[in-house]
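Understanding the architecture of this molecule
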Amino acid sequence: MAVHRDSTRRMLASAGLAAACVLGSWSAAQAAVVTVRVTAQNVAPANGIAFAPLHVGFGNGSFDAFDIGSAAGAAIVSVAEGGSGSAWQPAFAAAEPQAVRGTVGAGAPILAGVTRMLDFTVDTMANPFFTFASMVIPSNDHFIGNDNPQAYRIFDAAGNLLLSQISQLASQIWDAGSEATDPLAAAFVGDNDLRSAQNGVVSFNFSELSAYNGLTTGAGYVFNNNLQAGTEVFRIGFELLAVPEPSGLLLAALALGLLATTRRLGKV
Ligand SMILES: [Ca+2]
Ligand SMILES: [Ca+2]
């Protein structure tokens, strides 16, 4: 009988070890994939700046859309001049084929006081970094976005949120340096076909937005930027969506399986 009990203990220990291995590898694999809700909120003063739909991506931190002090490339120009991101999205996809990208609030300007959201399924080990870009309107070529593609690490490898919000101040608004300031040619207040080249470089610049004060926007309000350097203008939020907890279910199933094994062994 002593031999039998030892044998039973070994079998149970072995089964327990196997269960622990299964649980360990399973949770590590599953924890890395999460569903995250991205919110884009215009918190600028009323009747002030609006934003074009927010282009975003979760990636490995290698897609660098622009550099301060350098001429803007086609990718960021496609955001800054007109807001479409028609070159930004493909450039991101080419640089990082594994990235998860999207456009928050597609189809309409994000006016003051408005919040838009979009959900993403992200492999947090492969794509821990977040990159964003949106045109500021009205403007000729102003935008918000991150110069450093590794500035915002959102997830750790286990899928935990490291950052729940990115806040943007007026002082963080960029001028792409690609289009000269001209209210007659500015998006949202003028005729975009009249634009002329600036031949400059990317720089911080929010004060030029006062050039559009008094003009009627495409949304029908009379623009007044009402910005100081420290005025918060935009918030990007990150929230993990609740998911079922299959790891708990699996644990229960394995425990039941072990119990059944124990009972069967007990009957021998
Ligand atoms: Ca850069
Ligand atoms: Ca400009």
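Residues numbered from 1 in each chain as written. Chains lettered and ligands numbered in written order. Predicted model: local features only at pLDDT ≥ 70, side-chain atom pairs only at ≥ 80, totals over all residues.

Digging into the overall build of the protein
Stated formally: Strands are runs of DSSP state E lasting at least 2 residues, helices are runs of H or I lasting at least 4, and numbering of each runs from the N terminus. Residues with at least 20 other C-beta atoms within 10 Å of their own are called buried, those with 12 or fewer are called exposed, and the rest are partly exposed. The C-beta atoms themselves are positioned from the backbone. Residues are defined as contacting one another if the C-beta atoms placed from their backbone atoms lie within 7 Å.
Counting its regular elements, the protein contains four helices and eleven strands. In the protein, which comprises 268 residues, the proportion classed as buried is 35%. By sequence separation, contacts in the protein at least 24 residues apart represent 77% of the contacts at least 6 residues apart.

Notes on helix 3 (residues 88–95)
This is how the line gets drawn: In this description, one arc is meant: the one made by directions from the helix axis to the C-beta atoms.
Of all the residues in helix 3, the buried ones are Trp 88, Gln 89 and Phe 92. Projected down its long axis, helix 3 carries its buried residues within an arc of 100 degrees, all on one side. If you follow the buried residues of helix 3, they end up packed against strand 3 (54–59), helix 2 (74–80), strand 4 (100–104) and strand 6 (129–137).

Looking at the environment of Arg 116
Among the structural elements, Arg 116 can be located in strand 5 (residues 115–123). For Arg 116, a count of 19 C-beta atoms within 10 Å translates into the label partly exposed. A sequence separation of ten residues divides Arg 116 from Ala 106, and the C-alpha atoms of the two residues are 8.9 Å apart. Beyond its immediate stretch of four places on either side in the chain, Arg 116 contacts Ala 40, Val 104, Gly 105 and Ile 110.

So, the pairing of strand 1 (residues 33–42)
Using the following cut-off: Any two strands are treated as partners once DSSP identifies two or more bridges connecting them.
Relative to strand 5, strand 1 is paired through nine bridges, and the arrangement is antiparallel. Bridge pairing in strand 5 places Thr 39 opposite Met 117. Of the pairings in the sheet, the one linking strand 1 to strand 11 (residues 232–240) comprises seven bridges and is antiparallel in character. Bridge pairing links Thr 39 to Gly 237 in strand 11.

Regarding the confidence of the model for the protein
Any region with low pLDDT has predicted coordinates that should not be read closely. Our working definition: As a per-residue measure, pLDDT reflects the predictor's confidence and takes values from 0 up to 100.
On average, residues of the protein carry a pLDDT of 88, and 79% of them reach 70 or more. Low pLDDT (under 50) marks residues 20–25, which in the prediction has two contacts with non-local residues, meaning those over four places away or in another chain.

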